[in-house]
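So you can see what is in the structure, the chains are spelled out below.
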Amino acid sequence: MKKIVSAVLLTLCACLLFAQVSVDPNDEFYSLAQNWQIRNLVDSVPPLRPYPLGNIRQILETVIENGNEKDKEEAQLQYERIFSKKYHVNLEAKITSKTEITDDDTDNSACLEIYPSVKGDVSFSETDFVSCGYGVGFAIRNKDDTDFAPMFTNSLHDSIVDPTEISSFNMFLDMNTILAVGTKDIFLQAGIYRTGFGMFQKDEIAVNSSAYHSANLGFTYLRDKFSYAQELSMIGATASQPDDLEYLSPNKFRSFHEISFSPWDWVSVSYYESVIFGGRFDPSYLLPVPYMVAQGIGGTSDGLFMGLVLDFKPARGLVWSTDILVDDFPVEDFLKLDFDSKYRMAFKTGIIYAPENSFCQRLSLDYTFVTPYTYSHWQYDNDEDATIKASTINYQNYTNGGINMGSQYGPNSDALKFQVDVSPVRNLKLSIVSSFARHANVCESITDLEALEYLCAGENVYSTDGSVFTHANFANPGKPSGKHVNSAWNHLNFLNQSHTMVIVNGGLNGEYKFTSIKKGPEVTFKAGAVFEFIHNYGVDNQMFPGGVAEGVYVDEYLTGMRFADGTYYDLTTVDGLVAASQLVESYRKSWEDQLVDQLNLFFSFGFALRF
């Protein structure tokens, strides 16, 4: 009850102090702004979303002045939505049914979601030198919303921990806020909010706007054909297997910066770095210097990622964007044309078409791949003893609160996605989406001896589900450095496993917005239908759980296994190796036997009221 009262008071305070909304990088404005950017109707767009109020105003005023009639109409509607009223009270509700069909069973379930909120932003001067945006409300639902969406879908609500239970429902505080100070060309931003970087909104591979929010401090400089942006994010750390997010830990950070140059209107090149560190605060990552150089000064081995983005516009309204993120890249092997090596990278390329004066608002086709162990750095207890326990907090992997901040596709995956957004009549919007994705558990490729290391470890010490939490190192107690999972360290193993999960889905989502009558509430009805077929569902389950046996080591090498009933396998003998291999095979077989083909059908209906 105290939580409820506190949240209500917080909401009321927000209503009194603030005005309207622009804190959300997934707001519909950003999709429209990107369409106008692709058509060269606007330029000097900040590289990181969301934008300060001054930049939003400038973009809309530019389109109202220079766009065609359709663009002017849309920009005017957005301008009125954002600037005409001091605050908006919102109420959203949605019910989603899910039918799971397998060879043996059919299961039906439903999720009810209710989202009351107050959203807005406010400018404290005529020049928008200081502005503030916020959204505060509640997320009330009877089940986890991500269970009622296709695989590899992140929730768009920032509410995953510390709920208040109301009968069969959980109620979370769902809040974001941002403060911006500066001009349209140079500004600072601070607050708790999501950020996005890249052309493919909600599908970015470095800074994904569909990922969980964080506390951010950002700086952006824009000048003609050049931009520079830097952002420090305070994020949540978890252990190797974050089954219980009640035990989130602080002192984990991401520092990101990018530099962009657009010599001509039809091409733009961006270089970026993103570094994950924690357990300490390193001020050198606040400096506008290469993180690779800064990292080397202290002798640390933080999770450093580098990337390159190329945006090419071969025709008006068409952009071909390619984003390459590199975690680890064996240059020597690459020069030898050896592609079976430790390539840790994510790659995304695709086209976006935003035609003028068309019922088709946007069309996109893109391909993504993420190689095994990308985003999956390991963490030892300290620099002197390379131990890993179930309670060891990982300050190195690319997650915030257990959610990947990069691609929503897990390591050892690829995906082809098509989407078209159309508006056949005024106020009606339809979105047609289809995708084909593959994912495999890289632990299927490890050797028997490596599998035994996992089985002999303590429970929940290692993840073997092939997710971002499955990393490429073992503990090495008593030594200052760990030891590698050799099959992971020396080989690529990209989608070459025997059992690959294949996900095919397609869907239609629509919404119709009723125009306000006599300044009444804006009412929007939403509906959607999605089918999803998954071949080999269950690939992402644990393959070799720990706690099976106690390992016996000589130096760093596993030489024996001792079970609770006294059974002992001597791995230095042929008989011991045979028995151990049979044990490993039994776990592989159990994992294989739980794989099924599954068809999921999702149907949703909802409404949104905006006062």
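Details of the structure are given in the entry above.
Residues numbered from 1 in each chain as written. Predicted model: local features only at pLDDT ≥ 70, side-chain atom pairs only at ≥ 80, totals over all residues. Heavy atoms only, no water.

Moving on: the packing of helix H3 (residues 53-66) against helix H4 (residues 69-83). Interhelical geometry of H3 versus H4 gives an angle of 150° and a closest axis separation of 8 Å. As far as their axial angle goes, H4 and H3 are roughly antiparallel. Relative to H4, the crossing made by H3 is left-handed. Only Asp 71, Lys 72, Ala 75, Gln 76, Gln 78, Tyr 79, Ile 82 and Phe 83 of H4 make contact with H3, whose side of the interface consists of Leu 53, Ile 56, Arg 57, Leu 60, Glu 61, Val 63, Ile 64 and Glu 65. In terms of residue class, the contact of H3 with H4 is made up of nine nonpolar, two polar and five charged. (Axes fitted to C-alpha atoms, helices over the stretch in contact; angles between N-to-C directions. Helix = DSSP H or I, 4+ residues; strand = E, 2+ residues; numbered from the N terminus. Parallel < 35°, antiparallel > 145°, perpendicular 65-115°, else oblique. Left-handed = near helix turned anticlockwise from the far one by under 90°. Contact = heavy atoms within 4.5 Å. Nonpolar A, V, L, I, M, F, W, Y, C, P; charged D, E, K, R; others polar.)

It is at 10 Å that the axes of helix H7 (residues 448-456) and helix H9 (residues 574-593) come closest, and there the two elements cross at 75°. The angle between H7 and H9 falls in the class roughly perpendicular. Side by side, H7 and H9 meet where Asp 448, Leu 449, Ala 451, Leu 452 and Leu 455 of the first sit next to Leu 577, Ala 580, Ser 581, Leu 583, Val 584, Tyr 587 and Arg 588 of the second. Taken together, the residues of the contact of H7 with H9 sort by class into nine nonpolar, one polar and two charged.

With that out of the way, let us pick up the sheet that holds strand S28 (residues 568-570). Taken together, three strands build an open sheet; the order of strands is S26-S27-S28 and the sheet is antiparallel. For this open sheet the edge positions go to strand S26 (550-554) and S28, each flanked by a neighbour on one side alone. Here the average twist between neighbouring strands, direction ignored, is 30°. On top of the sheet, H7 reaches S26 and strand S27 (557-562); it is set at about 55° to S27, its chief contact. Against the sheet, H9 contacts S27 and S28, and its axis sits at roughly 120° relative to S28. (Pairing = 2+ DSSP bridges.)

When the terminal C-alpha atoms of H3 are compared, their 20 Å separation across 14 residues agrees well with the 20 Å that a helix rising 1.5 Å per residue should span. Tucked into the core, H3 has its buried residues touching helix H2 (28-38), H4, strand S3 (106-123), strand S4 (130-141), strand S7 (186-193) and strand S9 (214-223). (Expected span 1.5 Å × (residues − 1).)

For the rest of this paragraph, the subject is the pattern of salt bridges. The full count for this structure, using the stated rule, is 25 salt bridges. A salt bridge links Glu 28 to Arg 81, with the shortest nitrogen-to-oxygen separation between them at 3.5 Å. Of the two residues, Glu 28 is situated in helix H2 and Arg 81 in helix H4; the sequence distance between them amounts to 53 residues. With a shortest N-O distance of 2.4 Å, Asp 71 and Arg 39 are connected by a salt bridge. Of this pair, Asp 71 sits in helix H4 while Arg 39 sits in the loop between H2 and strand S1 (48-49), and the two are 32 residues apart along the sequence. Comparing Asp 71 with Arg 39, the two get one shared label, buried. Here the salt bridges do not stand alone but share partners, grouping Asp 27, Glu 28, Arg 81, Lys 429 and Lys 513 into one network. (Salt bridge = Lys/Arg side-chain N within 4 Å of Asp/Glu carboxyl O. Buried < 20%, exposed > 50% of the residue type's maximum accessible area, 1.4 Å probe, protein only.)

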